Amino acid sequence: QVELVESGGGAVQAGGSLRLSCAASGSIFSINNMGWYRQAPGNQRESVARITSGGNMYYGDSVKGRFTISRDNAKNTVYLQMNSLKPEDTAVYYCRVFISPDVYWGQGTQVTVSS
C-alpha cells in the first residue's frame with residue numbers, strides 16, 4: 001500500500017507564494033508521473049501540473065509562468081512552488097502519483113488567496 005502526505009497549504013494574500021509538498025511512502029518500487037490537481041467549490045477537479053519520471057514538466061494554462069513543479073526521486077516527493085498567487089487559485093490541491101498500474105491521491109490541502 002502507498003500513502004501520500006501533503007503539506008504546505010495555507011492562506012496568503014494575492015501576489016504571495018506557497019510551496020506544496022507531497023511525500024509518498026509504502027510499497028514503492030518506481031514512481032512514474034507525479035502531479036498536482038486542484039478543485040474549487042462548484043468546479044471540477046483540474047490538472048495544475050505534472051512531471052514525468054524523466055523530468056518533463058507540463059502545466060495548465062492558468063498557472064504557466066507562475067507555478068513550478070519539481071520532484072525529488074530519492075525522497076519520493078513532489079513539490080509545487082506557487083508564485084504570484086491570485087484569488088482564483090483558491091482551491092483544495094491534491095497530489096496524484098502514478099505507480100504502475102495504480103493511481104494514488106493525497107488527502108488534499110487548502111490554498112486560500114485573498115485579494
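Since we're looking at a predicted model, the values are computed, not measured. (Residues numbered from 1 in each chain as written. Predicted model: local features only at pLDDT ≥ 70, side-chain atom pairs only at ≥ 80, totals over all residues. Heavy atoms only, no water.)

Asks: Explain the overall build of the protein chain to me, please; I cannot follow it from the model alone.
Replies: A tally of regular secondary structure across the protein chain gives zero helices and eleven strands. A compact globule built from 115 residues should have a C-alpha radius of gyration of about 13 Å, and the protein chain, at 13 Å, falls within 12% of that. Expressed as lengths along the three principal axes of its C-alpha atoms, the size of the protein chain is roughly 45 × 25 × 25 Å. Counting only residues that meet the buried cut, the protein chain has 38% of its 115 residues in that class. Within the protein chain, residue pairs in contact and separated by at least 24 positions form 52% of the contacts whose partners lie at least 6 positions apart. Of the roughly 6,100 Å² of accessible surface on the protein chain, a fraction of 45% belongs to carbon and sulfur atoms. (Helix = DSSP H or I, 4+ residues; strand = E, 2+ residues; numbered from the N terminus. Rg over C-alpha atoms; globule rule 2.2 N^0.38 Å. Buried < 20%, exposed > 50% of the residue type's maximum accessible area, 1.4 Å probe, protein only. Contact = heavy atoms within 4.5 Å. Areas by Shrake-Rupley, 256 points an atom, 1.4 Å probe, with all protein chains shown as cover.)

Asks: I tried to follow the packing of aromatic side chains on my own but got confused; where do I start?
Replies: Given two aromatic rings, their pairing is described by the distance between the two centres and the angle made by the two planes. Scanning the model with the defined rule gives one aromatic pair in all. Centroid distance Tyr37 to Trp105: 5.0 Å. Interplanar angle 70 degrees. Geometry classified as edge-to-face. Linking Tyr37 in strand β4 (residues 34-39) with Trp105 in strand β10 (residues 102-105), this pair joins segments that are 68 residues apart in sequence. Residue classification places Trp105 among the partly exposed positions, given a relative accessible area of 36%. In this arrangement the basic side chain of Arg19 is found over the ring face of Tyr79, its NZ or CZ atom lying 4.1 Å from the centre. When the ring centre of Tyr94 is taken as reference, the NZ or CZ atom of Arg45 above it lies at 3.8 Å. (Phe/Tyr/Trp six-rings, centres within 6.5 Å; stacked < 30°, edge-to-face > 60°. Lys NZ or Arg CZ within 6 Å of the ring centre and 35° of its normal.)

Asks: Just checking my understanding: could you explain the pairing of strand β5 (residues 46-51) for this structure?
Replies: In the case of a regular strand, side chains alternate between the two sheet surfaces. Sheet topology places β4 next to β5; five bridges connect them, and they run antiparallel. Following the sheet pairing, Arg38 is matched in β5 by Glu46. In textbook terms, the turn of a hairpin is the stretch between consecutive antiparallel strands, and for β4 and β5 this stretch comprises six residues, one of which, Gly42, has a positive phi near 80 degrees. Strand direction decides the pairing type here: β5 and strand β6 (residues 57-59), joined by three bridges, are antiparallel. Residue Arg50 lies in a different strand from β6, and its bridge partner there is Tyr58. (Pairing = 2+ DSSP bridges.)

Asks: Just to check I follow, could you spell out unusual backbone geometry for this structure?
Replies: Note: most residues except glycine have negative phi, and most peptide bonds are trans. Across the junction of Ser100 and Pro101, the peptide omega takes the value 5 degrees, indicating a cis bond. Positive phi is not limited to glycine here, since Asn76 has a value of about 50 degrees. Mapped onto the fold, Asn76 is located in the loop between β7 (67-72) and β8 (77-82). Owing to a relative accessible area of 24%, Asn76 belongs among the partly exposed residues under this scheme.

Asks: Explain the environment of Lys75 here, please?
Replies: Mapped onto the fold, Lys75 is located in the loop between β7 and β8. Residues Lys75 and Ala23 lie 52 residues apart in sequence; the distance between their C-alpha atoms is 7.2 Å.

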